[in-house]
Amino acid sequence: NVLTVSTFEMKNNMLTLSRKESNLYKPGSRLAQKVTRQSGKKIQKIAYAYNESGQLIRESRKNKPAFFDGIRSESLTYLYGPDGMLKQLERNTKSTDHGTSIRKEEYSYNEKELLSEIKISNEKEELIMTRSLTYLASGAKSLYRETDRDGLITKLLQYDYKKHYM
C-alpha cells in the first residue's frame, strides 16, 4: 500500500504542488519507505527496518543536501532492552560541510515506564546535553528540562493543566 501526501502552496492566486511525500507500507501496516519530492525532484528517501517484534531498528536517510542543511545521509540505529523499551539511538550523519559525525542518545525510564531522561553524547562519548522529564501522579508531563554538559539549564518547560467546566 502507498499513501501519498501532497502539499500545495498559494502562488499567484493559484494552488501549486510544492511537496509530495509517498509512504510505502508493507503487510502489517509497517512503514517501509518514504520518498519526498519537491518541485518534481526527489529530495529525500528514507528506508525503515524492523525486528521480529515489530520494533523499528534502523532508518537510512539519503538527502539532497541543499534541502537539509547540508546533510547528505543519516543512519539511525535503535537498540531496545529486554523489557522492549528503547535504550539507545545512534545517529550517524554525513554532511557536506562537517564530514561524518556520530551522536548517541541513551534513554532512561521511571518506575511507571515513562521516559525520564535522555543523555546525548558525541562520537568521543562526551556528554553534550541531557533532557529530563518529570510527570504528575496521573502520568501527565510536569516539567521538561534541557541541561548542557556542565549541568546548566538551557531550556525549561513547565506544563500547567486546568480543568474547564462547560
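Residues numbered from 1 in each chain as written. Predicted model: local features only at pLDDT ≥ 70, side-chain atom pairs only at ≥ 80, totals over all residues. Heavy atoms only, no water.

(A) Looking closely at the overall build of the protein chain. Scanning the protein chain from N- to C-terminus turns up zero helices and 12 strands. In the protein chain, the order of α-helices and β-strands from amino to carboxyl end is β-β-β-β-β-β-β-β-β-β-β-β. For the protein chain, the C-alpha radius of gyration of 20 Å lies well beyond 15 Å, the compact-globule estimate for 166 residues. C-alpha extents for the protein chain along the principal axes are approximately 55 × 50 × 35 Å. Within the span of the protein chain, comprising 166 residues, buried residues form 27% of the whole. Look at the contacts in the protein chain between residues 6 or more apart in sequence, and 8% of them connect residues 24 or more apart. A total accessible area of about 11700 Å² is found for the protein chain, and carbon and sulfur atoms account for 50% of it. Here the protein chain contributes 30 positive and 21 negative side-chain charges, whose respective centroids are spaced 9 Å apart. (Helix = DSSP H or I, 4+ residues; strand = E, 2+ residues; numbered from the N terminus. Rg over C-alpha atoms; globule rule 2.2 N^0.38 Å. Buried < 20%, exposed > 50% of the residue type's maximum accessible area, 1.4 Å probe, protein only. Contact = heavy atoms within 4.5 Å. Areas by Shrake-Rupley, 256 points an atom, 1.4 Å probe, with all protein chains shown as cover. Lys, Arg positive; Asp, Glu negative; His and termini not counted. Charge placed at Lys NZ, Arg CZ, Asp CG, Glu CD.)

(B) Local environment of unusual backbone geometry. In the Ramachandran plot, Ser39 falls in the positive-phi region, its phi being about 50° despite a non-glycine side chain. Under the relative-accessibility criterion, Ser39 is labelled exposed at 64%.

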